[in-house]
Amino acid sequence: MSPSSDNNRVQRQVIKNFLAKLQKEGEGALVRNVITEIDQELLDPFVLLVEFSFSLLAGFPDHPHRGFESVTYMLQVIKVQSKPEVFRIEPKYQELSSLDIPRAEENGVKVKVIAGDSMGIKSPFYTTTPIMFLDFTLKPGSQTHQTVPESWTAFAYIIEGDEGVFGSSNSSAISAHHVVVFGPGDLVSVWNKSTTRSLRFLLIAGEPIGEPVVQCGPFVMNSQAEIDTAFEDYQNATNGFELAKGLNMFEMPKGLKGSQ
């Protein structure tokens, strides 16, 4: 998409960027917690984004989930989770292989469309909360201009590259493993100012839900009472947790039950 075709659009400017630091978690896994509880209000409807890697002999222990949709992008091992609609829905599972992911390329810009649409192509992947999940690779010196619904939250996570410029062409460059949060507008513009290295980033956007969020471990609900109920259901293997094996795989942290 060329900037000349978007003269009437409002470019989203960068309002915040921060580094996702590397740390150990689980059984030998290395993670970068890209979105934490601190950023949830700013990035509604998204509650968690984790970049993680682990060997075949390591990983994460079994653990339950309730209260959100989870999208795991295995090509670059990226995981994004968003809150569900107000009503309760039955768990669903969708899988797209690498060959099933729609993609396009023009003027030095490649995009893989995991959710939403870009460059005239649309993903078949469905989420209850409307989201856009795009994997961009910009060759040195190239640029892209992606439309995003004005009412949606939008941010980028940089996978590779050290001279990505976001929002406006005269902004400071931002390097890999940074989160870039965009302000209001309906156009996200990105330039790769490097002359030697490609820039790869995820552009993620979604329709805000505007609900209260209470999170405790793998449960994301609207109130502490709902969190307590989720733990009770899991411990009793009821209401969706009937196939849970072993109640010791996840325990409520001491001091959290009944508190905000």
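Per an unreviewed UniProt entry, the recorded name for the protein chain is Pirin C-terminal domain-containing protein, and the organism is Thlaspi arvense.

Before going further, it helps to examine the overall build of the protein chain. A tally of regular secondary structure across the protein chain gives one helix and 19 strands. Total accessible area on the protein chain is roughly 13,600 Å²; 52% of this is exposed by carbon and sulfur atoms.

To continue, consider helix α1 (residues 224–236). Along its 13 residues, α1 runs 18 Å from first to last C-alpha, staying within 8% of the 18 Å computed at 1.5 Å per residue. Turning to α1, its buried residues number three or more, namely Gln224, Ile227, Asp228, Ala230, Phe231, Asp233 and Tyr234. Looking one or two places after α1, you find alanine 237, whose phi comes out positive at around 55 degrees.

Take the environment of arginine 12 next. Tracing the backbone shows arginine 12 in the segment before β1 (14–19). Residue class for arginine 12 comes out buried when judged on its relative accessible area of 1%. Along the primary structure arginine 12 and serine 189 are separated by 177 residues, whereas in three dimensions their C-alpha atoms are 7.6 Å apart. Here glutamate 150 takes part through its backbone oxygen, which lies 3.3 Å from a polar atom of the side chain of arginine 12. Only 3.2 Å separates the side chain of arginine 12 from the backbone oxygen of glycine 183, close enough to count as a polar contact.

With that settled, consider the pattern of salt bridges. Taken as a whole and assessed by the stated rule, the structure comprises three salt bridges. Between aspartate 186 and arginine 9 there is a salt bridge whose closest N-O contact spans 3.5 Å. Here aspartate 186, found in the loop between β15 (178–182) and β16 (187–192), pairs with arginine 9, found in the segment before β1; they are 177 residues apart in sequence, far enough to count as distant. With its nearest N and O atoms 2.4 Å apart, the salt bridge here joins aspartate 135 to arginine 200. Placement of the pair is aspartate 135 in strand β11 (residues 131–138) and arginine 200 in strand β17 (residues 199–206), with a sequence separation of 65 residues. You'll find aspartate 135 and arginine 200 in the same group, each marked buried.

We now examine the packing of aromatic side chains. The final tally for this structure, using the stated rule, is three aromatic pairs. Note on phenylalanine 136 and phenylalanine 201: the rings are 5.3 Å apart at their centroids and 20 degrees apart in plane angle, and the pair reads as stacked. Separated by 65 residues along the polypeptide, phenylalanine 136 in strand β11 and phenylalanine 201 in strand β17 bring together distant segments of the chain. Exposure class is identical for phenylalanine 136 and phenylalanine 201. Each is buried. Between the aromatic rings of phenylalanine 166 and phenylalanine 182, the centroid separation amounts to 6.4 Å while the plane-to-plane angle is 45 degrees, which identifies the pairing as tilted.

Turning our eyes to something else, we now look at the confidence of the model for the protein chain. With 69% of its residues at a pLDDT of at least 70, the protein chain reaches an overall mean of 78. With pLDDT under 50 throughout, residues 1–5 is counted as low confidence; its partners more than four residues away or in other chains account for nine contacts. Taken as a whole, residues 246–260 scores under 50 in pLDDT and shows 30 contacts with residues more than four places along the chain or in a different chain.

In this section: the sheet that holds β1. Ordered by their spatial adjacency, seven strands build an open sheet running β1-β15-β13-β17-β11-β8-β7, and the pairing between neighbours is antiparallel. In the strand order of this sheet, the two ends are held by β1 and β7 (103–106), each with one partner. If you compare each strand with its neighbour and ignore which way they point, the axes differ by 20 degrees on average. Here β11 pairs with β17 via eight bridges, running antiparallel. Each bridged residue has a counterpart across the sheet, and for methionine 132 the counterpart in β17 is alanine 205.

Take the sheet that holds strand β14 (residues 164–166) next. Overall, antiparallel pairing links the three strands, which are arranged β12-β16-β14 in an open sheet. Of all the strands in the sheet, just β12 (143–147) and β14 have a single pairing partner and so form its edges. Along the sheet, successive strands turn relative to each other by an average axial angle of 20 degrees, direction set aside. Pairing of β12 with β16, which is carried by five bridges, proceeds in the antiparallel orientation. Residue pairing across strands places threonine 144 opposite valine 190, the latter belonging to β16.

Parameters at a glance
- Residues numbered from 1 in each chain as written.
- Predicted model: local features only at pLDDT ≥ 70, side-chain atom pairs only at ≥ 80, totals over all residues.
- Heavy atoms only, no water.
- Helix = DSSP H or I, 4+ residues; strand = E, 2+ residues; numbered from the N terminus.
- Areas by Shrake-Rupley, 256 points an atom, 1.4 Å probe, with all protein chains shown as cover.
- Expected span 1.5 Å × (residues − 1).
- Buried < 20%, exposed > 50% of the residue type's maximum accessible area, 1.4 Å probe, protein only.
- Polar contact = N/O pair within 3.5 Å; in protein donor to acceptor, adjacent residues only side chain to side chain.
- Salt bridge = Lys/Arg side-chain N within 4 Å of Asp/Glu carboxyl O.
- Phe/Tyr/Trp six-rings, centres within 6.5 Å; stacked < 30°, edge-to-face > 60°.
- pLDDT = per-residue confidence, 0-100.
- Contact = heavy atoms within 4.5 Å.
- Pairing = 2+ DSSP bridges.
- Axes fitted to C-alpha atoms, helices over the stretch in contact; angles between N-to-C directions.

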